[in-house]
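# Observations on the model geometry
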Amino acid sequence: MLNLGCHLTSSKGYEHMGRQALQINADTFQFFTRNPRGGKAKEIDPEDVKRFLEIAEANNFVKIVAHAPYTLNPCSAEQKTRDFAYMAMKDDLERMEFTPGNYYNFHPGSHVGQGIEKGVEMIADLLNRILKPEQTTTVLLETMAGKGSEVGSRFEELAAIIDRVDLKEKMGVCLDTCHVSDAGYNIIGDPEGVLDEFDRIIGLNRLKAIHVNDSLNPVGAHKDRHACIGEGKIGLDAIVKFINNPRLKGLPMILETPQPDLEGYGKEIKMLREMSK
Ligand code: FE
Ligand code: FE
Ligand code: ZN
């Protein structure tokens with residue numbers, strides 16, 4: 001069975017997200033650690049976390065995925081933006097220890113004209129300042145669409161970041177189907193080839209989570225505009241085929257489609273589960 005979930009709003013806490021997941025037959029979910037545009041994080045209530053962990057345990061949830069704010073950019077040219085990246089990630093990872101052993105996903109960054117190499121260096125530098133041997137969270141680099149000066153649209157770039165990180169055992173990758181297609185990888189026509197390439201360049205052992213999205217744009221468009229499953233250029237059949245690849249078995253798969261509400265995600269999850277039988 002697929003391990004499916006969607007992006008949920010975290011404003012009402014962990015227990016609420018757990019109950020929402022149950023409502024839509026999900027066994028994982030994703031949430032923002034703080035306002036996606038930045039800002040201070042909400043205080044964590046240990047009692048709320050405890051109630052969530054009971055729900056997760058009783059319903060065989062797989063790992064959940066926390067998503068860093070979009071404004072977190074370790075390779076900005078501005079010192080104050082880099083300082084925010086340090087502060088936010090450090091604080092987020094401390095908070096993640098309330099729910100041990102899960103994933104923290106972030107967009108590697110935009111090098112804003114400084115070049116990919118410099119970007120890779122700055123991203124790895126941030127990770128080396130923050131990662132601790134005793135942390136239980138695995139930090140995931142998200143595969144990017146290659147919009148603007150984004151770092152991480154080529155598997156080589158993600159491999160180069162991991163290569164420079166000292167605590168490699170704390171690092172993984174989250175593959176976003178919309179982003180990899182936009183980046184130019186042919187997951188419609190040659191999904192096995194894309195996974196082969198991922199394995200050769202990064203290693204499939206590093207692949208920890210999937211973002212399941214259709215794309216409004218064709219392969220190689222570098223746009224990053226998500227579509228609901230079956231309403232984009234990747235299409236329902238290709239997505240169903242991809243997420244059912246035996247090499248992805250057991251990974252948390254998160255919908256980040258532009259659904260209007262929880263019910264919409266519920267329908268999408270139901271459809272994907274039925275088509276995967
Ligand atoms: Fe993302
Ligand atoms: Fe994503
Ligand atoms: Zn995206």
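For the structure, see preceding data.
The residue count restarts for each chain, going from 1 along the sequence in the order it is written. Written order determines the labels here, with chains lettered from A and ligands numbered from 1. With the structure being a predicted model, the display of local features is reserved for residues of pLDDT at least 70 and the display and counting of side-chain atom pairs for 80 or more, all residues being used for whole-chain, interface and lining totals. Side-chain numbers come from the whole structure's heavy atoms, not from hydrogens or water.

### What to know about the pairing of strand β9 (residues 207-212)
Let me state the cut-off plainly: Classification of residues uses two cut-offs on accessible area relative to the type maximum, computed with a 1.4 Å probe and protein chains only: under 20% is buried, over 50% is exposed, and between them is partly exposed. Runs of E in the DSSP output that reach at least two residues are strands. Runs of H or I that reach at least four are helices, and both are numbered from the N terminus. Think of it this way: DSSP has to see at least two bridges between two strands before they count as a pair.
Most of β9 sits inside the fold, with five of its six residues counted as buried. In this structure, strand β8 (residues 171-176) lies alongside β9, joined through four bridges in parallel fashion. Bridge pairing in β9 places V173 opposite L207. Alignment of β9 against strand β12 (residues 252-255), held across three bridges, turns out to be parallel. Paired with I210 across the strands is M253, a residue of β12.

### Quick word on the packing of aromatic side chains
How two aromatic rings sit relative to each other is given by the distance of their centres and the angle of their planes. Here is the rule: Between rings of Phe, Tyr and Trp, where Trp is taken as its six-membered ring, a pair exists when centres lie within 6.5 Å; planes separated by under 30 degrees are stacked, by over 60 edge-to-face, and by other angles tilted.
Summed over all chains, the structure comprises eight aromatic pairs. With a centroid separation of 5.5 Å and an interplanar angle of 75 degrees, the aromatic rings of Y14 and F31 are classed as edge-to-face. Of the two residues, Y14 is situated in helix α1 (residues 13-23) and F31 in strand β2 (residues 30-32); the sequence distance between them amounts to 17 residues. Across this residue pair, the class does not change: Y14 and F31 are buried.

### With respect to the pattern of salt bridges
As a reminder, the rule being used: Whenever Lys or Arg places a side-chain nitrogen within 4 Å of a carboxyl oxygen from Asp or Glu, that contact is recorded as a salt bridge.
One pass over the structure, following the stated rule, counts 15 salt bridges. Among the salt bridges present, the one from D91 reaches R34, with a minimum N-O distance of 2.8 Å. Linking D91 in helix α3 (residues 79-96) with R34 in the loop between β2 and α2 (46-58), this pair joins segments that are 57 residues apart in sequence. Owing to a relative accessible area of 26%, D91 belongs among the partly exposed residues under this scheme. You can call R34 buried: its relative accessible area is 5%. With a closest N to O distance of 4.0 Å, R154 and E156 form a salt bridge. Judged by relative accessible area, E156 falls into the partly exposed class, the value being 38%. Via salt bridges that share partners, E15, R19 and R51 belong to a single interconnected network.

### Notes on unusual backbone geometry
One non-glycine residue with positive phi stands out, namely N60, at about 50 degrees. Structurally, N60 is set in the loop between α2 and β3 (65-67). Backbone geometry places V112, a non-glycine residue, at a positive phi of 40 degrees. With respect to the helices and strands, V112 occurs in the loop between β5 (109-110) and α4 (116-130).

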